[in-house]
Amino acid sequence: MRIKPTSRNVLLWGVLLAIGFACTNTTTQEETKQKPNIILIFADDMGYGDVGVFGHPTIKTPNLDRLAYEGQKWTNFYVAAPVCTPSRAGLMTGRLPIRSGMCSDQHRVLFPDSKGGLPENEITIASALKKADYSTAMIGKWHLGHLSSFDPNAHGFDYYFGIPYSNDMDQTLPEGVGYYEACANPKVSYFNVPLKRNRETIEQPADQNTITKRYTEEAVNYIAAHKDQPFFLYMAHSMPHVPLFPSAEFKGKSLRGIYGDVIEEIDWSVGQVIDALKENGLDDNTLVVFTSDNGPWLIFNENGGSAGLLRGGKGGTYEGGMREPTVFWGPGMVAPGVVTELGTTMDLLPTFCKLAGAELPDDRVYDGYDISSVISEKGKSPRNEVFYYRGQQVYAVRKGAFKAHFITQPAYGSEGPTTNETPELYNLNVDPSEKYNIAEQHPDVIEELRELMEEHNATVVPVENQLEKR
Ligand code: MG
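The numbers attached to residues start from 1 for each chain and follow its sequence in the written order. It should be noted that, the model being predicted, local features are given only for residues of pLDDT at least 70 and side-chain atom pairs only at 80 or more, the latter also being counted only at that level, while totals for whole chains, interfaces and linings use all residues. Heavy atoms from the whole structure form the basis of all side-chain values; hydrogens and water molecules are not counted.

1. Digging into the overall build of the protein
And step 1. Within the protein, the secondary structure is distributed over 11 helices and 16 strands.
And step 2. For the protein, the C-alpha radius of gyration of 24 Å lies close to 23 Å, the compact-globule estimate for 470 residues.
And step 3. Burial classes: relative accessible area under 20% of the type maximum marks a residue as buried, over 50% as exposed, and values in between as partly exposed (1.4 Å probe, protein chains only). Residues classed as buried in the protein amount to 57% of the 470 residues present.
And step 4. In what follows, residue pairs with any heavy atoms lying within 4.5 Å of each other are defined as contacts. Nonlocal contacts in the protein, meaning residues at least 24 apart in sequence, comprise 69% of its contacts between residues at least 6 apart.
And step 5. Shrake-Rupley sampling with a 1.4 Å probe provides the accessible areas, and residues are treated as covered by the protein chains on show and by no other component. Element-wise, carbon and sulfur atoms account for 52% of the exposed surface of the protein, whose accessible area totals about 19,500 Å².
And step 6. Placing the 43 positive and 60 negative side-chain charges of the protein at their respective mean positions leaves the two points 5 Å apart. In this description a helix means any DSSP run of H or I spanning at least four residues, a strand means any run of E spanning at least two, and both kinds are numbered starting from the N terminus. A radius of gyration in this sense is built from C-alpha atoms; the matching globule rule multiplies 2.2 Å by the number of residues raised to 0.38. Charge counting follows a simple rule: Lys and Arg are positive, Asp and Glu are negative, and His as well as the terminal groups are ignored. Charge positions are represented by NZ for Lys, CZ for Arg, CG for Asp and CD for Glu.

Right, dumping it as structure tokens:
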């Protein structure tokens with residue numbers, strides 16, 4: 001039946017069109033409004049036990065504690081590697097660093113004389129979100145290649161303010177002062193690390209006494225300047241990696257000594273970022289994630305952090321090296337509670353892309369999972385396994401509650417790796433401290449984990465090693 005253009009029909013279509021237009025318009029507005037801002041705050045070498053809400057008895061972290069109570073405290077959240085560079089490569093790309101050539105058995109991280117970096121063809125969180133019309137900024141320590149072809153501006157960040165590698169590099173030590181002495185009693189002049197704004201060096205050595213404060217000012221200004229468009233802000237503090245430089249306001253304030261001073265300043269910084277979100281009316285549409293790149297650097301004794309009840313620390317593949325104190329916060333976006341599901345920093349890329357409506361090409365292997373449903377509904381995590389890499393090799397595998405150590409090695413020192421004829425096996429739900437080896441009772445579990453490791457190893461395609469380029 002043909003509908004004749006009667007005045008009644010014209011009126012009806014007019015009404016329908018108007019409703020349709022109103023709906024489309026509303027949808028567009030909602031879509032625009034619904035694209036959340038994302039802030040990722042990343043500490044360096046902060047241990048699982050260094051936050052109040054994760055159990056530290058004397059370090060005061062009221063801001064992180066509040067975010068954990070209002071949002072989610074994750075107790076089984078991991079990084080891709082137990083040291084800086086490969087951990088950050090995994091975070092940025094959603095892929096294990098072995099896939100991008102960003103880990104090595106020869107050099108554990110990038111150094112100021114390195115010629116390599118995160119390859120151009122890798123997709124970072126920033127480059128993916130930029131395609132979804134996000135403004136992107138990085139503030140802090142990068143450590144994925146300081147040459148211009150690998151720096152933050154080359155990898156999707158519109159704006160960069162920070163240091164290109166660790167705060168203990170570019171050492172210019174006076175006669176008679178060794179590295180450990182310099183880290184124990186640091187002076188700014190000992191570490192000739194440049195501070196950069198985009199590609200310009202604006203200060204060298206970076207004045208580390210004020211660096212946390214200046215990172216914070218940059219973040220607060222960035223939030224205010226970008227309140228009208230979706231943004232991704234990656235804020236990677238250069239501490240508590242040694243040398244420790246709390247600012248004058250925090251020095252000597254913590255019961256935990258200078259290490260506690262530094263953590264309490266980082267916690268203050270987190271509070272400033274949240275205040276800035278509230279002042280700009282963005283707190284109901286911003287996801288904030290806090291975690292650390294690897295565990296505490298225990299060889300620095302009191303100047304290193306604590307993994308709490310976890311065994312080991314930075315550099316090693318026991319839990320303390322790779323399980324991090326992690327908080328997700330976003331009122332209305334994050335279902336509050338303690339999450340014991342498995343997650344890793346590699347899951348952030350697919351998760352952020354899901355939240356931002358950003359597409360990822362399917363031309364590569366991703367090791368991350370979209371964990372957005374765990375964040376929004378406390379659903380089950382799609383992740384059920386963790387591979388613990390040291391350099392280019394898998395040392396341990398976790399599936400569910402069980403973790404097998406196929407290779408073990410002290411985190412630091414000259415002792416080489418030991419391939420365990422019978423791997424150590426722990427039930428991490430029952431024994432998070434990895435104290436009670438239950439290998440003899442569960443040979444079947446070890447075999448299952450070994451098969452998982454072999455299946456994983458078969459997916460690894462050799463690529464050019466970036467950490468060995470000099
Ligand atoms: Mg680190």
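We are not done yet, so read on.
2. A look at the coordination of the magnesium ion
And step 1. Taken together, the protein donors to the magnesium ion comprise D44 (OD), D45 (OD), C84 (SG), D293 (OD), D293 (OD) and N294 (OD1), at separations of 2.1 to 2.7 Å.
And step 2. Angles of 53 to 159° at the metal separate the 6 donor atoms of the magnesium ion, which places the site in the irregular class.
And step 3. Because no water is among the atoms considered, metal sites can look incomplete, with donors defined as N, O and S atoms within 2.8 Å of the metal, or 3.2 Å for Na, K and Ca. Read N to C, the donor residues that coordinate the magnesium ion are spaced as D-D-x38-C-x208-D-N. Taken together, the residues span a long stretch of sequence, with D44 in the loop between β1 (37–43) and α2 (62–70) and C84 in helix α3 (residues 84–93) at a distance of 40 residues. Here a site with four donors is tetrahedral if all angles are between 85 and 135 degrees, and a site with four or six donors is square planar or octahedral if opposite donors are over 155 degrees apart and the other angles are between 65 and 115; anything else gets the irregular label.

3. Section: the domain arrangement of the protein
And step 1. Partitioning the protein into domains gives domain 1 (38–384) and domain 2 (386–457).
And step 2. Domain boundaries shown here were taken from an automatic or database domain assignment. Put simply, the middle of domain 1 and the middle of domain 2, counted by C-alpha atoms, are 26 Å apart.
And step 3. Taken together, the contact pairs 29 residues of domain 1 with 24 residues of domain 2.
And step 4. A quick way to say it: buried area is the sum, across both parts, of accessible area lost when two parts are put together, with a 1.4 Å probe. Contact with domain 2 buries surface across domain 1, with T317, Y318 and N384 losing the most and accounting together for 24% of the total.
And step 5. When a carboxyl oxygen of Asp or Glu lies within 4 Å of a side-chain nitrogen of Lys or Arg, that pair is called a salt bridge. Between domain 1 and domain 2 we count 1 salt bridge in total.
And step 6. By the criterion applied in these results, polar contacts are pairs of N or O atoms within 3.5 Å in which, for protein atoms, one can donate a hydrogen and the other can accept it, and in which residues neighboring in sequence qualify only through two side-chain atoms. The tally of links from domain 1 across to domain 2 stands at 16 residue pairs in polar contact (both at pLDDT 80 or more).
And step 7. Across the side of domain 1 that touches domain 2, the residue classes tally to 15 nonpolar, 6 polar and 8 charged. Residue polarity is assigned by list, with Asp, Glu, Lys and Arg as charged and Ala, Val, Leu, Ile, Met, Phe, Trp, Tyr, Cys and Pro as nonpolar; anything else, Gly included, falls into the polar class.

4. Some thoughts on the packing of α2 against helix α7 (residues 257–279)
And step 1. Whenever a helix is involved, its axis is fitted only over the stretch in contact; in every case the axis is a line through C-alpha atoms, and angles between N-to-C directions fall within 0 to 180 degrees. Here α2 crosses α7 at 55°, and the two axes come no closer than 7 Å. Of the possible angle classes, the one that applies to α2 and α7 is oblique. Counted together, P62, N63, L64, R66 and L67 of α2 and D267, W268, V270, G271, I274 and K278 of α7 form the full contact between these two elements.
And step 2. Of the residues assigned to the contact of α2 with α7, the class counts are 6 nonpolar, 2 polar and 3 charged. Angular relationships are summarised with four words: roughly parallel below 35 degrees, roughly antiparallel beyond 145, roughly perpendicular across 65 to 115, and oblique for the angles in between.

5. Describing the environment of F328
And step 1. Mapping F328 onto the fold places it in strand β10 (residues 326–329).
And step 2. In this structure F328 touches L67, G71, Q72, W74, F77, L287, V288, V289, V334, L348, I371 and I375, once residues within four positions along its chain are discounted.

6. Comments concerning the side chain of T286
And step 1. Within the secondary structure layout, T286 lies in strand β9 (residues 286–292).
And step 2. For T286, the side chain forms a polar contact with the side chain of N37, separated by 3.2 Å.
And step 3. Among the polar contacts made by the side chain of T286, one reaches the main-chain carbonyl oxygen of L282 at a distance of 2.7 Å.
And step 4. With near-sequence residues (within four places) excluded, T286 lies in contact with N37, I38, I39, L277, W329, G330 and M333.

7. Considerations on the pairing of strand β7 (residues 200–203)
And step 1. When DSSP locates at least two bridges between a pair of strands, those strands are taken to pair. Here 3 bridges tie strand β6 (residues 195–197) to β7, and the two strands are oriented antiparallel to one another. Directly across from L195, in β7, lies its bridge partner E203.
And step 2. Counting the residues between successive antiparallel strands, the hairpin from β6 to β7 contains 2 residues, one of them, N198, with a positive phi of roughly 50°.

8. Some words on the nonpolar core
And step 1. Ranked by internal contacts, the top residues of the largest apolar core, which has 61 residues, are I39, M46, I223, F231, L233, L277 and F290.
And step 2. At 9 residues, α7 tops the list of elements feeding residues into this core.
And step 3. Those residues in contact with F290 that sit more than four places away from it in its chain are I41, A43, M46, L64, I266, V270, P325, T326 and V327.
And step 4. Working definition of a nonpolar core: buried Ala, Val, Leu, Ile, Met, Phe, Trp, Tyr and Cys residues. They are joined through side-chain atoms within 4.5 Å. By size, the runner-up hydrophobic cluster in this structure holds 42 residues, among which are I38, F77, F328 and C353.

9. Considering helix α6 (residues 211–225)
And step 1. For a helix, the expected span equals 1.5 Å multiplied by the number of residues minus one. Here α6 is 15 residues long and its end C-alpha atoms lie 21 Å apart, about the 21 Å a rise of 1.5 Å per residue gives.
And step 2. Looking only at α6, the buried set comprises I211, T212, R214, Y215, T216, E218, A219, Y222 and I223.

10. What about empty space enclosed by the protein?
And step 1. Put simply, the grid is 1 Å and covers the protein atoms alone, a cavity is a trapped set of points that fit a 1.4 Å probe, a pocket is an open set with protein on both sides within 12 Å along at least five of seven lines, and lining residues have an atom within 4 Å of a point. Grid points are joined across faces, edges and corners, and a volume is the space filled by probe spheres set on the points. Scanning the model with the defined rule gives 1 cavity of 30 Å³ or more in all.
And step 2. In this model, the largest cavity occupies a volume close to 60 Å³.
And step 3. For the largest cavity, the full set of lining residues is A81, P82, V83, P86, C103, S104, R108, Y389, R390 and G391.
And step 4. Grouping the amino acids of the lining of the largest cavity by side-chain chemistry returns 6 nonpolar, 2 polar and 2 charged.

11. Notes on the pattern of salt bridges
And step 1. Summed over the entire model, instances satisfying the criterion amount to 23 salt bridges.
And step 2. One salt bridge in this structure joins E434 and K403, with 3.0 Å as the shortest N-O distance. With E434 in the loop between β16 (418–427) and α11 (443–458) and K403 in strand β15 (residues 402–408), the pair connects residues that are 31 residues apart, well separated along the chain. The pair formed by E434 and K403 is uniform in burial state, with each residue classed as buried.

12. Description of the side chain of E385
And step 1. For E385, the position within the fold is in strand β13 (residues 385–390).
And step 2. By relative accessible area, which is 14% here, E385 ends up buried.
And step 3. There is a polar contact of 3.1 Å between the side chain of E385 and the side chain of Y369.
And step 4. Setting aside residues up to four positions removed in sequence, E385 forms contacts with L342, Y369, R398, K399 and L452.

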